[in-house]
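So you can see what is in the structure, the chains are spelled out below.
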Amino acid sequence: MRESTPTVSVVIPTHNRSAALGRTLDALATQTYRLNLIEVLVVADGCSDDTGKVLGRYSPPFKLRVVEQEGQGPAVARNHGATLATGRLLVFLDDDIQAAPQLIETHVRAHQKQPGQVVIGYLPPVLQVQTGFFRLSLRAWWENKFTMMSEPGHRYTFRDLLSGNFSLEAEMFAAIGGFDPALYCHEDYELGIRLIKAGASLTFAPEALGYHYEITQMSRSFRRKYDEGRADVLIGRRHPELRPALPLARAGSWSRLNYVLRAAAFAWPASESLFAAGSGFALRIFERLRMRDLWRRLLDNMLDYWYWRGVAKEIGTERALADFLHSAPSRTDGDGSEIEIDLRDGLEAAERRLSEERPASVRIRYGRQAVGRIPPRLDAERLSGAHLRAILATTMAWPLLNALTLEKATGRDTAQFWPFADSLCRSSESVYADESIGS
């Protein structure tokens, strides 16, 4: 998008949250971007509160369009709004987001800098009703999510696309087919899958900031995990090759309790109220005794239990789940786009080639020494030059140092690469982080 001042359509789905919606619209009225170029479409999805009256009285300094539909879920609501939008750029906001004044302007600038990408904004949580350990854990989940995306060289996956604050060109949204209307949860992840398959680039714009007024409580997080379990089965049906990358394919590092809870989720669905009552009591005891590690482990186990309840609801039995996973097509060899790069040609040359060719996987060597292979990842965007230094500094740090040492021992010149290798020795940060409560 090279246009200096494109028209922008902000699409906001809402359901019975008139107070939060008023705060969201008030914040959009203070945007630094020209308000006469902003169009806001509120899609009231089966609202039975006073949303209609609030919107009827509202007099904004931007063009406001209100659409009402039968309760069909946020995916349909967003598609409905996007269909009616007239802006060149679509910004999707949730109705509980208070946009900072520069949010729209930041989205526009990011698209002008690199057309054809998906821009994800920052959503620092404003916790409303949570207390104690749960409040701390929820805040940590949100901040970890955005900290990972802020890391240099972060390789985006479909799980990075959060529908609460992101933007893309209207033409791209139409070409990809919008959100999957069958999904009531993880519809943003599913859209991310198709965007990545289509070769779209994702980027994080921290200044596109919107305060997220988070009202999730523990019981709501359990319900959310149940919905995620159901949604992941549907996503696995839509995209069979991704089944091994979904949480329902996890099994390797489980404890006995994990296996018991999963078996219970499939075999005794009627016992869920008993699990809820028992776990709630135990969590309160652990918190009162300040036993945070035990509290956290129990919470994770209960979140897993409710996830498996959702999977069981959708797929039936553990045997059906096993068949579902075993029938996934094998794509471990990628799509034939693998290339080989020689770091002796220079780090910048390697980065340039990766950005030009965007392979699914790459073999890396330094002269005659093999360094390693970055295998294809079906859940992640294709490789580019922006990813290389982070990978060399983490998972390939020691193989690279060994290759440099062996190459130098044969009398070959490796001087150009040692300054970077020195920096690898000082770098040991992990690129992975916990992901459990809020997703």
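Residues numbered from 1 in each chain as written. Predicted model: local features only at pLDDT ≥ 70, side-chain atom pairs only at ≥ 80, totals over all residues. Heavy atoms only, no water.

Visitor: Go over the pattern of salt bridges, please, and point to the residues and values.
Guide: For side chains of opposite charge, pairing can occur when their charged atoms come near one another. Throughout the structure, instances matching the rule amount to 28 salt bridges. A salt bridge links glutamate 187 to arginine 78, with the shortest nitrogen-to-oxygen separation between them at 2.9 Å. Of this pair, glutamate 187 sits in helix H7 (residues 187-197) while arginine 78 is found in helix H3 (residues 74-84), placing the two residues 109 residues apart along the sequence. Linking arginine 223 and aspartate 227 is a salt bridge whose minimum nitrogen-to-oxygen distance equals 3.7 Å. Of this pair, arginine 223 and aspartate 227 are both found in helix H8 (residues 218-238), 4 residues apart, which corresponds to roughly one turn of the helix. According to the relative accessible area criterion, aspartate 227 is partly exposed, its value standing at 26%. (Salt bridge = Lys/Arg side-chain N within 4 Å of Asp/Glu carboxyl O. Helix = DSSP H or I, 4+ residues; strand = E, 2+ residues; numbered from the N terminus. Buried < 20%, exposed > 50% of the residue type's maximum accessible area, 1.4 Å probe, protein only.)

Visitor: How would you sum up helix H10 (residues 272-288)? Please name residues and give values.
Guide: Given a rise of 1.5 Å per residue, 17 residues ought to cover 24 Å, and the 24 Å separating the end C-alpha atoms of H10 matches this to within 8%. Check the buried side of H10 and you find it contacts helix H5 (132-150), H8 and helix H11 (292-315). At the exit of H10 stands arginine 290, carrying a positive phi of roughly 60°. (Expected span 1.5 Å × (residues − 1). Contact = heavy atoms within 4.5 Å.)

Visitor: Describe a nonpolar patch on the surface, naming the residues involved and giving the relevant values.
Guide: Judged by side-chain polarity, Phe281, Ile285, Leu289, Met291 and Leu294 come together as a nonpolar surface patch covering roughly 420 Å² of accessible area. In this fold, leucine 289 is placed in the loop between H10 and H11. (Patch = residues over 30% accessible without salt bridge, like charges linked within 9 Å, V, L, I, M, F, W, Y side chains within 5 Å. Areas by Shrake-Rupley, 256 points an atom, 1.4 Å probe, with all protein chains shown as cover.)

Visitor: Explain the pairing of strand S4 (residues 89-93) to me, and be specific about the residues and the numbers.
Guide: Side chains on a regular strand alternate between the two faces of the sheet. Here S4 lies mainly inside the structure; 5 of its 5 residues are buried. A two-sided burial pattern is seen for S4, the buried positions comprising Leu89, Val91 and Leu93 on one face and Leu90 and Phe92 on the other. Bridge count for strand S1 (residues 8-14) against S4 is 4 bridges, and the pairing is parallel. When the sheet's bridge partners are listed, valine 8 is paired in S4 with leucine 89. (Pairing = 2+ DSSP bridges.)

Visitor: Can you tell me about the packing of aromatic side chains, naming the residues and giving the values?
Guide: A full pass over the atoms with the stated rule returns 16 aromatic pairs. Ring plane angle 75° and centroid distance 5.2 Å describe the contact between tyrosine 122 and phenylalanine 146, whose orientation is recorded as edge-to-face. Linking tyrosine 122 in strand S6 (residues 117-122) with phenylalanine 146 in helix H5, this pair joins segments that are 24 residues apart in sequence. On the accessibility criterion, phenylalanine 146 (3% relative accessible area) is buried. Seen from their ring centres, tyrosine 307 and tryptophan 308 are 5.5 Å apart, and the 80° between their planes marks the pair as edge-to-face. (Phe/Tyr/Trp six-rings, centres within 6.5 Å; stacked < 30°, edge-to-face > 60°.)

Visitor: For the environment of glutamine 31, give the residues involved together with the corresponding values.
Guide: Within the fold, glutamine 31 resides in the loop between helix H1 (18-28) and strand S2 (38-45). By relative accessible area, which is 7% here, glutamine 31 ends up buried. In the structure, glutamine 31 is positioned 70 residues away from proline 101 in sequence and 4.3 Å away in space, judged by C-alpha atoms. In contact with glutamine 31, other than residues within four places in its own chain, are Ile38, Ala99, Ala100, Pro101, Gln102, Leu103 and Ile104. Reaching out from glutamine 31, the side chain makes a polar contact with the backbone nitrogen of leucine 103 at a distance of 3.4 Å. A polar atom in the side chain of glutamine 31 sits 2.9 Å from the backbone nitrogen of isoleucine 104. (Polar contact = N/O pair within 3.5 Å; in protein donor to acceptor, adjacent residues only side chain to side chain.)

Visitor: Any chance you could break down the packing of helix H13 (residues 347-357) against helix H14 (residues 385-393) for me, citing the residues and the numbers?
Guide: At their nearest, the axes of H13 and H14 sit 7 Å apart, and the two run at 130° to each other. Relative to H14, the element H13 lies oblique. Here Leu347, Glu348, Ala350, Glu351, Leu354 and Ser355 of H13 lie close against H14, whose contacting residues are Gly385, Ala386, Leu388, Arg389 and Leu392. Its residues placed into classes, the contact of H13 with H14 shows 6 nonpolar, 2 polar and 3 charged. (Axes fitted to C-alpha atoms, helices over the stretch in contact; angles between N-to-C directions. Parallel < 35°, antiparallel > 145°, perpendicular 65-115°, else oblique. Nonpolar A, V, L, I, M, F, W, Y, C, P; charged D, E, K, R; others polar.)

Visitor: Help me get a handle on the side chain of lysine 225, residues and values and all.
Guide: Tracing the chain through its elements places lysine 225 in helix H8. Of the residues examined, lysine 225 reaches a relative accessible area of 8% and is grouped as buried. Within the local environment of lysine 225, its side chain forms a polar contact with the side chain of glutamate 228, the two groups lying 3.0 Å apart.

Visitor: Which residues make up the sheet that holds strand S11 (residues 362-366), and what values do they have?
Guide: Taken in spatial order, the 3 strands of this open sheet run S10-S11-S12, and their pairing is mixed. Single-partner strands in this sheet number two, and they are strand S10 (339-342) and strand S12 (369-374). The sheet shows a mean angle of 20° between the axes of neighbouring strands, taken without regard to direction. Pairing of S10 with S11 involves 4 bridges; the strand directions are parallel. Its bridge partner lying in S11, glutamate 340 is registered against arginine 363.

Visitor: How would you explain the confidence of the model for the protein chain if you had to name every residue and give the values?
Guide: Per-residue pLDDT for the protein chain has a mean of 89; in total, 93% of the residues score no lower than 70. Predicted confidence is poor over residues 428-436, with pLDDT under 50, and the contacts of this stretch with residues over four places away or in other chains come to 19 contacts. (pLDDT = per-residue confidence, 0-100.)

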